[in-house]
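These are the residues of each chain, in order.
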Amino acid sequence: MSAPTTKKPAVTEREARQVAEAAREQDWHKPSFAKELFLGRFRLDLIHPHPLPADDDVQRGEEFLARLREFCETKIDSALIEREARIPDEVIAGLKELGALGMKIDPKYGGLGLTQVYYNRALSLVGSANPAVGALLSAHQSIGVPQPLKIFGTQEQKDAFLPRCARTDISAFLLTEPDVGSDPARLATTAVRDGDDYVLDGVKLWTTNGVVADLLVVMARVPKTENGKGGITAFVVEADSPGITVENRNAFMGLRGIENGVTRFHQVRVPAANRIGAEGAGLKIALTTLNTGRLSLPAMCVGAGKWCLKIAREWSAVREQWGKPVALHEAVGSKISFIAATTFALEAVVDLSSQMADENRNDIRIEAALAKLYGSEMACLMADELVQIRGGRGFETAESLKARGERAVPAEQLLRDLRINRIFEGSTEIMHLLIAREAVDAHLSVAGDLIDPDKSLQDKARAGANAGVFYAKWLPKLVAGPGQLPTSYGDFKHGVDLAPHLRYVERHARKLARSTFYAMSRWQGRMETKQGFLGRVVDIGAELFAMSAACVRAELLRRQGDHGREAYLLADAFCRQSRIRVDELFNRLWSNTDDLDRKVVKGVLGGSFEWLERGIVDPSGEGPWIADAAPGPSRRDNVRRPFG
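A quick note: this is a predicted structure, and the numbers were derived from the prediction, not measured.

Caption draft 1: Expanded view of the overall build of the chain. The helix and strand tally for the chain stands at 23 helices and twelve strands. Taken against the 2.2 N^0.38 rule, which gives 26 Å for 644 residues, the C-alpha radius of gyration of the chain at 25 Å falls within 12% of a compact globule. By its C-alpha atoms, the chain is 75 × 75 × 65 Å across when sized along the principal axes. Within the chain, counting contacts between residues at least 6 apart in sequence, those at least 24 apart form 77% of the total. Put simply, the chain shows about 29,800 Å² of open surface, and 54% of that area lies on carbon and sulfur atoms. In the chain, the 85 positive side-chain charges and the 84 negative ones have mean positions that sit 4 Å from each other.

Spelled out as C-alpha cells, the structure:
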C-alpha cells in the first residue's frame, strides 16, 4: 500500500502575494524615522535627543540584570551544553525561579514587566553565556504565547495562560511546515470547526522550543464556511494534547542546545476559546508580533559583538608577531576597529529601536526589521573576523584548545551559532523584500493602480491624477536640504565632528528616494522582480539608520558623561566605514550583474552547465528533498521532553 501524499493548496504567485499583502499592517498612524528616511526625509527630531527610559524602569531592569548576571556566571556551563547538545534541567529550573520566563509579562500576571530595552539587554547577557539558552528565552517570549496574547488575546486567555508562561510553562511558535517556509499562502495544516472545538491536522517543522514546550501557538488554515470567513488562524494549544507527537529533535551546525523539532497534529481538539483573534487573522497576528519580537535577535547579536571585541582585545595584545602585538599590525588592527565600531553602532540601533518601542510614540516596524537584518549580517562578519584574528586557534574547538592546555575560547562555535540568525525570523532575502515593500508603501498607495494589471483604465486614470499631485509636491523636496549646508547639525561637534556624517545621511536619504523613484518609473510593474535592486536599497537604508543611531547615541553618552569622548570616536569610525559601504551600494544600484546572473541561473536550471559538476563525489544520503507531511496518525515515537 502506497503512503498517502500531502495535499498542498494550489496557489499561484499572484495569490501568494495577495495573502502576504492582506496580512500587512496597511496603515501608518504614527511617525516612523526609517519610513521617512526611505522617502528622502531625514527626521532627526524623531530620534534626537535620544529617548530615555523612566527611572523606575531602569532600577527594576538593573536589579534583574544583576541577578541574571550572577546566574549566568555560576549556573550556565556553555561547554557542557555544547558537548551534550542539551540545556540541563537545573538551568531551566533556575531561570524559572529567577522569573526569566516572564521578563516581558505584566506583573499582574506574575511577570517581571521589564521594558523592551531591558528585556533585550537580558537576552544579550544570556546569549553571551550560551546562545541556545538565549534562543529558548527569546522564542518563548518574543514569538511564543506571551507576545500575541499581550496584543490580541482576550482577557480570559490572558488570565488563563500568562501566569503559566511567566513562571512555569515554556511556549513555542509553530508556523513553518516541511514544504512551506516564507510563503504562508501554501500552509497545509488545517483546523476544522467541530462544535465548540477546532480539529487540527498537519505537520510543523523547525519548532523552536517545540520539543520541551508546554504551550504552543499554532498557525493553521480554517476552511471557509457559511458561518466563518476561514483563512490562516492562530491557536493556543496544550502541548500534551492527545494526537500531538514530537517526531524528531532536529540537530544543527550551531545552537546545539536548542530544542527544535518536528511536530505532528492528528485529530487534535482545540477549544474555540483558544483561538487568538478572528478566523483568518493569523498572519497579521504573526507579523504584528514580530514588529517588536524581531528586536530580540539583534540584541543577542550585540552580545556576540561585545564578546568578539573582548577576545580580540585580549588575544591581540598578548599574541606577538615580528616583534610587536598583532593588534598593532594594520591588517589585524583594521579588523579590531571594525568589530569595535560595528558593535557600538549595533547596540545604538537596538537600544534606540527598543526605547522607541517602549514609548510607543513611533511606528517601529521598519526599524525593528532593519535591526534584525543588519544585526544578523554584521554579527556574522564580526565573528568571522574574530576567527581570522585568532588564526588556527579560531578554527580549533574550545574543547581541543583546553585539552592541550590553552584557554578554551569558543570562537568557531560563535560563528556556527550566529549563522542561523540570517535565516531565523525571516531570512535576509525575505527581510529585504519585506522592508522594501514598506519602504515603497507611499509610492504604491498613490500610484499602485498604475502598475496593477487587474485595474481598469478608469482606475489607472484616477491613480495617474493622484500620483501627479503627490510627485509634484514630493520630488522638488529631494533636490536640496540641510545636508548641503556646512553648518547643519553643528551640535554634534565635540572634539570629534560627527556633523558631516549626519549631513551625509540627509543627502543620501534624498538620493535613495530619487533612485527608488527612478527605478519605479523605469520598471513599473516589473519592480517587484528586481530583488537585487530592492535588496541594495534596503541595505543602504540600514546603513543610514545605523549611522544616525550611532551619532545620536554618542551625543547621549557625551551629555551623560559616560565615555562620551570614546563614543564619539567609535561613532566617527563606524560612520566612515559605513559611508564606504553606502557609496559602493549606490554604485551597484545601476552597475551590477543582475541581468547576466539571471541568464546563468536559467542555464544552470536547464542543465547547460552540468558538465561543470563532473569530477566530484556527492556524499549526500538517499531520500526526498522535502519529507512528506501527509496528515494522519504518527508512526514514530514521541520525543517530547518537557522540563520538570
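Caption draft 2: Highlighting the packing of aromatic side chains. Under the counting rule described, the total for this entry stands at eleven aromatic pairs. Ring centres of Phe42 and Tyr489 lie 5.7 Å apart, and the angle between their planes is 70°; this geometry places the pair in the edge-to-face category. Here the residue Phe42 occupies a position in the loop between α2 (33-38) and α3 (55-75), and Tyr489 occupies one in the loop between α19 (457-474) and β11 (493-494), the gap between them amounting to 447 residues. By the burial criterion, Phe42 is buried, and Tyr489 matches it.

Caption draft 3: A look at helix α13 (residues 365-390). Given a rise of 1.5 Å per residue, 26 residues ought to cover 38 Å, and the 38 Å separating the end C-alpha atoms of α13 matches this to within 8%. With 21 of 26 residues buried, α13 lies mostly within the body of the structure. Where α13 ends, the next residue or the one after it, Gly391, has phi of about 65°, a positive value.

Caption draft 4: Highlighting the packing of helix α17 (residues 428-439) against helix α21 (residues 531-560). The interhelical angle for the contact between α17 and α21, taken along N-to-C directions, is 75°, at an axis separation of 9 Å. Classified by the angle their axes make, α17 and α21 are roughly perpendicular. Contact residues: His432, Leu433, Ile435 and Ala436 in α17; Gln531, Leu534, Gly535, Val538 and Asp539 in α21.

Caption draft 5: Representation of the nonpolar core in the model. In terms of nonpolar packing, the biggest core is built from 95 residues, with Leu370, Leu544 and Phe574 touching the most fellow members. For this core, the element with the most residues is α21, which contributes 16 residues. Setting aside anything within four residues of it in sequence, one finds Leu370 in contact with Ala34, Phe38, Gly375, Ile435, Val538, Gly541, Ala542 and Phe545. Core analysis: the second largest hydrophobic core is formed by 35 residues, Phe64, Tyr119, Leu137 and Val212 among them.

Caption draft 6: Local environment of the pairing of strand β2 (residues 190-194). Where β2 and strand β3 (residues 197-208) come together, five bridges link them in antiparallel fashion. The residue bridging Asp194 from the neighbouring strand is Asp197, located in β3. Taking the residues between adjacent antiparallel strands as the criterion, β2 and β3 are bridged by two residues, where Gly195 takes a positive phi near 65°.

Caption draft 7: Structural context of the environment of Gln524. Counting through the fold element by element, Gln524 comes out in the loop between α20 (499-523) and α21. The class of Gln524 is partly exposed, set by a relative accessible area of 44%. Separated by 327 residues in sequence, Gln524 and Asp197 place their C-alpha atoms 47 Å apart.

Caption draft 8: Main features of the environment of His501. Residue placement: His501 occurs in helix α20. When the C-alpha atoms of His501 and Cys551 are compared, they prove to be 8.2 Å apart, with 50 residues separating the residues in sequence. Ignoring sequence-local partners within four residues, the contact set of His501 consists of Met547, Cys551, Asp572, Cys575, Arg576 and Arg579.

Caption draft 9: View of the environment of Asp572. Relative to the helices and strands, Asp572 is located in helix α22 (residues 564-590). Considering only alpha carbons, one finds Asp572 and Pro500, 72 residues apart in sequence, at a separation of 9.7 Å.

Caption draft 10: Main features of the pattern of salt bridges. Taken as a whole, this structure holds 40 salt bridges when the rule is applied. For the salt bridge of Asp214 with Arg640, the shortest nitrogen-to-oxygen distance reads 3.9 Å. Of this pair, Asp214 sits in the loop between β3 and β4 (215-222) while Arg640 is found in the segment after α23 (594-605), placing the two residues 426 residues apart along the sequence. Linked by salt bridges that have partners in common, Arg121, Lys306, Glu347, Asp351 and Arg553 make up one network.

Conventions adopted
- Residues numbered from 1 in each chain as written.
- Predicted model: local features only at pLDDT ≥ 70, side-chain atom pairs only at ≥ 80, totals over all residues.
- Heavy atoms only, no water.
- Helix = DSSP H or I, 4+ residues; strand = E, 2+ residues; numbered from the N terminus.
- Rg over C-alpha atoms; globule rule 2.2 N^0.38 Å.
- Contact = heavy atoms within 4.5 Å.
- Areas by Shrake-Rupley, 256 points an atom, 1.4 Å probe, with all protein chains shown as cover.
- Lys, Arg positive; Asp, Glu negative; His and termini not counted.
- Charge placed at Lys NZ, Arg CZ, Asp CG, Glu CD.
- Phe/Tyr/Trp six-rings, centres within 6.5 Å; stacked < 30°, edge-to-face > 60°.
- Buried < 20%, exposed > 50% of the residue type's maximum accessible area, 1.4 Å probe, protein only.
- Expected span 1.5 Å × (residues − 1).
- Axes fitted to C-alpha atoms, helices over the stretch in contact; angles between N-to-C directions.
- Parallel < 35°, antiparallel > 145°, perpendicular 65-115°, else oblique.
- Core = buried A, V, L, I, M, F, W, Y, C linked by side-chain atoms within 4.5 Å.
- Pairing = 2+ DSSP bridges.
- Salt bridge = Lys/Arg side-chain N within 4 Å of Asp/Glu carboxyl O.

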